[in-house]
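# Structural characterization, general
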Amino acid sequence: MTAQRKTLRTADDLAAAGLVRPADVPLLDKVAARYAVAVSPAIAALIDPADPDDPIARQFLPDPAELDTAAEERLDPIGDDAMSPVEGVVHRYPDRVLLKLVHVCPVYCRFCFRRAMVGPGGRPTLSPKKIMAALDYIRGRREIFEVILTGGDPLILAPDKLAAVITALGAISHVKVVRVHTRVPVAMPEAVTPALVDALKIPGKATYVVLHANHPRELTEDARAACGRLIDAGIPMLSQSVLLKGVNDDDKTLAELMRSFVAARIKPYYLHHGDLAPGTAHLRTTLADGQVLMRRLRGRVSGLAQPTYVLDLPGGAGKVPVGPTYATPVTGCEPGGPAHWEVEDLQGRTRIYPPDPDEAEPVPESDAGPPEAEA
């Protein structure tokens with residue numbers, strides 16, 4: 001397949017690039033009419049059209065299954081609109097707000113929880129007047145410690161426009177942290193220019209960039225170099241990923257993804273359970289599956305490589321950690337007496353904590369260490 005020089009935005013574009021079958025174009029046109037399609041050159045180059053289960057294709061190429069909406073799915077699955085006091089701002093937690101400057105992205109994920117809001121037919125970019133109203137809201141609430149730029153993808157903005165907003169946020173005394181959520185270093189690494197990096201710097205304040213990637217193949221040499229330009233400029237990076245069926249829901253892939261982040265100097269932050277966005281049931285795992293994977297990840301990769309597995313509750317109730325627990329209180333303890341817990345170790349064996357001082361310490365098995373993910 002020859003390298004693509006433009007972003008692919010229609011089913012015909014995808015077919016011409018050899019990424020979908022021409023016979024599938026009419027049905028995929030129906031998907032594209034409902035949910036925006038964009039596959040950047042960097043992402044198109046990662047897709048193996050000979051692999052029907054390619055994990056990159058599964059994330060970005062439209063699928064007829066998207067036309068099926070499950071009963072529990074909803075247009076605004078995490079309740080952004082219910083928590084929006086002014087346009088462009090979501091104030092769900094006391095000390096931080098989302099600021100959504102744009103509703104366009106360099107690529108459109110097929111599992112996106114804002115898929116009904118983004119794209120050419122979605123909500124418009126905030127006008128200068130609406131940006132000013134959003135900034136006034138933030139200025140007027142001293143409890144706001146952190147502002148999170150999201151969207152859409154804020155790094156798709158021209159550096160001078162982004163710098164104007166970043167500078168305005170930096171001038172608000174009670175805002176100490178600006179966090180930017182993006183796919184640009186993966187989807188459009190060439191856009192991470194010196195001008196864009198400079199636009200993100202705020203003297204005396206902290207800027208963090210959170211990279212969204214779901215499969216280790218996304219962290220190409222170009223993507224790592226783009227991230228390196230940010231990190232070398234003093235901007236720390238974190239990661240967020242979505243647990244996706246057929247993409248990263250196995251031991252080997254998830255461990256490799258998290259190690260790839262750490263090797264690129266990116267700290268794994270969140271592993272999101274799939275949201276109840278319309279037409280995404282074919283990509284969602286179960287919570288039980290996610291907990292099993294998190295158990296397998298614990299002890300197999302270092303603490304640096306451990307994300308927090310979270311569920312964003314519908315209706316705006318917020319994120320909660322849903323990873324497995326390893327400690328359960330023992331029933332029958334006397335009130336006021338010592339608390340005892342049953343604790344599962346990394347080999348799946350149950351131990352009592354604190355241990356009975358009269359009992360001998362169990363002797364670890366010589367091969368008790370958790371096995372590595374299969375090569």
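Residues numbered from 1 in each chain as written. Predicted model: local features only at pLDDT ≥ 70, side-chain atom pairs only at ≥ 80, totals over all residues. Heavy atoms only, no water.

### Points about the packing of helix H5 (residues 128-139) against helix H6 (residues 159-170)
Put simply, the test is: In this analysis, axes come from line fits to C-alpha atoms, helices being fitted only over the stretch in contact, and the angle between any two N-to-C directions falls in the range 0 to 180 degrees. Strands are runs of DSSP state E lasting at least 2 residues, helices are runs of H or I lasting at least 4, and numbering of each runs from the N terminus. Reported orientations rely on four angle classes, namely roughly parallel under 35 degrees, roughly antiparallel over 145, roughly perpendicular from 65 to 115, and oblique for the rest. We call a crossing left-handed when the near helix sits turned anticlockwise from the far one by less than a right angle, and right-handed when that turn is clockwise. Contacts are residue-level and defined by heavy atoms, with any inter-residue pair within 4.5 Å sufficient. In this count, Pro and Cys sit with the nonpolar residues alongside Ala, Val, Leu, Ile, Met, Phe, Trp and Tyr, while Asp, Glu, Lys and Arg are called charged and the others, Gly among them, polar.
Relative to each other, H5 and H6 sit at 20°, their axes nearing to 11 Å. When the axes of H5 and H6 are compared, the pair comes out roughly parallel. Every pair of crossing elements has a handedness; the one defined by H5 and H6 is right-handed. Note on element contacts: H6 touches H5 through Val 165, Ala 168 and Leu 169, opposite Ile 131, Leu 135, Ile 138 and Arg 139. Taken together, the residues that form the contact of H5 with H6 break down as six nonpolar, no polar and one charged.

### Concerning the layout of surface pockets
Applicable threshold: Grid spacing is 1 Å over the protein atoms alone, the probe is 1.4 Å, and a cavity is where that probe fits but cannot get out, while a pocket is an open set with protein on both sides within 12 Å along at least five of seven lines and lining residues have an atom within 4 Å of a point. Grid points are joined across faces, edges and corners, and a volume is the space filled by probe spheres set on the points.
The computed volume of the largest pocket comes to approximately 810 Å³. Contributing to the lining of the largest pocket are 39 residues, with Phe 113, Arg 114, Thr 150, His 181 and Gln 240 lying nearest its centre. At the level of elements, strand S1 (89-93), strand S2 (96-100), strand S3 (146-150), strand S4 (177-182), strand S6 (237-242) and strand S7 (266-272) are the ones that each hand at least two residues to the lining of the largest pocket. Residue composition of the lining of the largest pocket, by class: 18 nonpolar, ten polar and eleven charged. The space that makes up the second largest pocket amounts to roughly 460 Å³. Residue lining of the second largest pocket: 23 residues in total, with Pro 52, Ala 57, Leu 61, Pro 62 and Asp 63 positioned closest to the centre. Among the residues making up the lining of the second largest pocket, the classes are represented as eleven nonpolar, two polar and ten charged.

### Structural notes on the state of the cysteines
Quick note on the threshold: In what follows, a disulfide is any cysteine sulfur pair within 2.5 Å.
Tallying each qualifying case throughout the model produces zero disulfides. Between Cys 109, a free cysteine, and Cys 112, which holds the nearest cysteine sulfur, the sulfur-to-sulfur gap is 6.3 Å. The thiol of Cys 112 is not disulfide-bonded; the next cysteine sulfur, from Cys 105, is found 6.3 Å away.

### Considering empty space enclosed by the protein
Summed over all chains, the structure comprises two cavities of 30 Å³ or more. As a volume, the largest cavity reaches approximately 50 Å³. Forming the boundary of the largest cavity are Tyr 35, Ala 36, Tyr 108, Cys 109, Arg 110, Cys 112, Arg 115 and Val 118. Of the residues assigned to the lining of the largest cavity, the class counts are six nonpolar, no polar and two charged.

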